[in-house]
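Structural overview
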Amino acid sequence: MDKLVIEGGAALTGTIDISGAKNAALPILTAALLTEETLTVENVPHLRDVATMLDLLGRMGVSASRHGKLGVALNARSLGDPVAPYDLVKTMRASVLVLGPLLARLGSARVSLPGGCAIGLRPVDQHLKGLQAMGATITMEQGYMVASAPRLKGARICMDLVTVTGTENIMMAASLAEGRTVIENAAREPEVVDLAGCLNAMGARVIGAGTDTITIDGVERLHGARYRVMPDRIETGTFLAAAAAAGGRVRLNGARADILDAVLDKLREAGAKVEAAPDWIEIQAHGTRQAVNLRTAPYPGFPTDMQAQFVALNSVAQGTAVVTETIFENRFMHAQELRRLGADIEVEGNTAIVKGVTRLDGATVMATDLRASASLVVAGLVARGTTTIERVYHLDRGYERIEEKLSRLGARIRRVP
Ligand code: UD1
């Protein structure tokens, strides 16, 4: 298994490109299931989760061919078994995104229950509640959700809580349902808006994405389209947090500031200078960083996917920060590993108290999930001496060539097989 080895202490300077968003690409790829025609998706990042999704779609009979360097052309004309098996769903929870499209297009689907994952229980009851309101029958058989419906019917669905993939699953199912579906308390995440943009390019009638009420008027069929995935706001935020921690001046080309307000505000509060144009963000950080309190919340609040990286930043800031996680119940596993580098973090329930220390020292650490790994990279860039991060496969799920991009900024980081 690969490791990352970082010699900390170098400031970050230079320009890099931001990749397409993992969390937009995954649902958009599954939207190919909704039509017999070809969906060409551009700006698809090279990530392990994307490969897993293409593997899953391939097993169902979706053909995929490369289209240029970052494009993939998908065709789901002849679909075979509408099954998402346990071995794939357990490695990537977003596999559950095939449920809505399969049900709408074929009238049946068998999707393994995701089960627990490292950051918490993460049930899918809201996905099921929505699909059942649209007329689907869903039973549990040997760990699988077995769903069927002759043709889904539009319904008014009020989500009990804000769920990103839940909103996306229902939106996709509703675009081929009979009549109008209204999703209340919908997720407002930019990736939901991106999926709606793709569906509309395929002939769907989705309005209100980006607000908490989304209306979908079902159509008889969807057609092929060409769609470009939005830039990754979490990759962007991770590089910004890294620059804020390590110091320096970094420009991120292709990044969108308009969807990162909560993160940019916190970086400024931490003492960094942030400038932005419509297609780049630049950060300058010199001198000491200030501790920043934060509380994760659904968009437009502070993203839970940026919490770990900010715990790392706060570890080397001046003062004490209170970081509260409100989305996932068990998302502070990085605290223990950061402590191995010398961080002073106490976790109580869903709150971490981070007391800034004047220096971190390199050590061997490992991570249990994607964003926790990213926080270890941020800390490793600041720590004195050598930090070795094990289980890099977590990072490869969601960051495209992170060590190459950081090297280009002057970081001393390398991958060791
Ligand atoms: C998505 C993102 C993930 C991000 C998360 C929160 C993708 C592929 N992944 O995950 O990176 O961390 O949003 O921004 O887009 N819940 C229920 N019942 C449900 C569904 C969710 O109780 O049916 C709970 C979850 O356990 C969690 C909260 O709702 O506590 C939010 O989860 P959700 O928004 O669904 O996360 P994902 O869509 O899985």
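Preceding block: the structure.
What comes next concerns the included structure. Worth saying up front: this structure is predicted, and the values here are computed from it rather than measured. (Residues numbered from 1 in each chain as written. Predicted model: local features only at pLDDT ≥ 70, side-chain atom pairs only at ≥ 80, totals over all residues. Heavy atoms only, no water.)

**Here we look at the overall build of the chain**
- For the chain, the count of helices and strands is 14 helices and 24 strands.
- With respect to the principal axes defined by its C-alpha atoms, the chain has extents near 65 × 45 × 40 Å.
- A separation threshold of at least 6 residues defines the contact pool for the chain, and within that pool the share at least 24 residues apart is 74%.
- Treating the 46 positive side-chain charges of the chain as one cloud and the 45 negative ones as another, the clouds have centres 2 Å apart. (Helix = DSSP H or I, 4+ residues; strand = E, 2+ residues; numbered from the N terminus. Contact = heavy atoms within 4.5 Å. Lys, Arg positive; Asp, Glu negative; His and termini not counted. Charge placed at Lys NZ, Arg CZ, Asp CG, Glu CD.)

**Points about the environment of Val292**
- Among the secondary structure elements, Val292 is positioned in the loop between strand S17 (280-285) and strand S18 (294-295).
- Through-space distance from the C-alpha of Val292 to that of Arg228 is 35 Å; in sequence the pair is 64 residues apart.
- Leave out the neighbours within four places in its chain, and Val292 touches Lys266, Glu269, Ala270, Phe310, Asn314 and Ala321.

**Examining helix H8 (residues 233-246)**
- End to end, H8 covers 20 Å across 14 residues, agreeing with the expected 20 Å (1.5 Å per residue, within 8%).
- With 14 of 14 residues buried, H8 lies mostly within the body of the structure.
- Two to three positions downstream of the cap, the backbone nitrogen of Ile234 sits 2.9 Å from a side-chain oxygen, assigning the N-cap of H8 to Asp232.
- Count one or two residues on from H8 and you reach Gly247, which has phi positive near 85 degrees. (Expected span 1.5 Å × (residues − 1). Buried < 20%, exposed > 50% of the residue type's maximum accessible area, 1.4 Å probe, protein only. Polar contact = N/O pair within 3.5 Å; in protein donor to acceptor, adjacent residues only side chain to side chain.)

**Quick word on empty space enclosed by the protein**
- Using the criterion set out here, one finds one cavity of 30 Å³ or more in the structure.
- Estimated volume of the largest cavity: approximately 30 Å³.
- Lining the largest cavity, in full, are Ala21, Asn23, Glu191, Asp232, Arg233, Ile234 and Arg371.
- Among the residues making up the lining of the largest cavity, the classes are represented as two nonpolar, one polar and four charged. (1 Å grid on protein atoms, 1.4 Å probe; cavity = no way out; pocket = protein on both sides within 12 Å on 5 of 7 lines; lining within 4 Å. Points joined across faces, edges and corners; volume = space filled by probe spheres on them. Nonpolar A, V, L, I, M, F, W, Y, C, P; charged D, E, K, R; others polar.)

**Overview of the nonpolar core**
- By size, the foremost hydrophobic cluster in this structure holds 79 residues, and its most contacted members are Met171 and Leu199.
- Discounting chain neighbours no more than four positions away, the residues touching Met171 are Ile183, Val192, Leu195, Ala196, Leu199, Val206, Ile214 and Ile216.
- In terms of nonpolar packing, the next biggest core, distinct from the first, is built from 69 residues, Leu294, Leu341, Ala343 and Val392 among them. (Core = buried A, V, L, I, M, F, W, Y, C linked by side-chain atoms within 4.5 Å.)

**A word on unusual backbone geometry**
- Residue Pro300 is bonded to the preceding Tyr299 through a cis peptide linkage, with omega at 10 degrees.
- Mapping Pro300 onto the fold places it in the loop between S18 and helix H10 (307-315).
- With a phi close to 60 degrees, Asn185 is a non-glycine residue in the positive phi region.
- Within the secondary structure layout, Asn185 lies in the loop between strand S11 (180-184) and helix H7 (190-201).
- Residue Arg401 is not a glycine yet carries a positive backbone phi of 45 degrees.
- Assignment of secondary structure puts Arg401 in the loop between helix H13 (393-398) and helix H14 (402-408).

**Considerations on the sheet that holds strand S9 (residues 144-148)**
- With mixed pairing, four strands are arranged side by side in an open sheet as S6-S7-S9-S8. Edge positions in the sheet fall to strand S6 (83-84) and strand S8 (137-141), since each has one partner strand and no second.
- With five bridges connecting them, strand S7 (residues 108-112) and S9 associate as antiparallel partners. Residue Ser112 lies in a different strand from S9, and its bridge partner there is Tyr144.
- Along the sheet, helix H4 (residues 99-106) makes contact with S7 and S9, crossing S7 at roughly 160 degrees. (Pairing = 2+ DSSP bridges. Axes fitted to C-alpha atoms, helices over the stretch in contact; angles between N-to-C directions.)

**Some thoughts on the layout of surface pockets**
- Size it by volume and the second largest pocket reaches roughly 360 Å³.
- Asp17, Ile18, Ser19, Asn43 and Leu70 are the residues nearest the centre of the second largest pocket, which is lined by 17 residues in total.
- When residues of the lining of the second largest pocket are traced back to their parent elements, those giving at least two are strand S2 (12-17) and H14.
- The class makeup of the residues in the lining of the second largest pocket is six nonpolar, four polar and seven charged.

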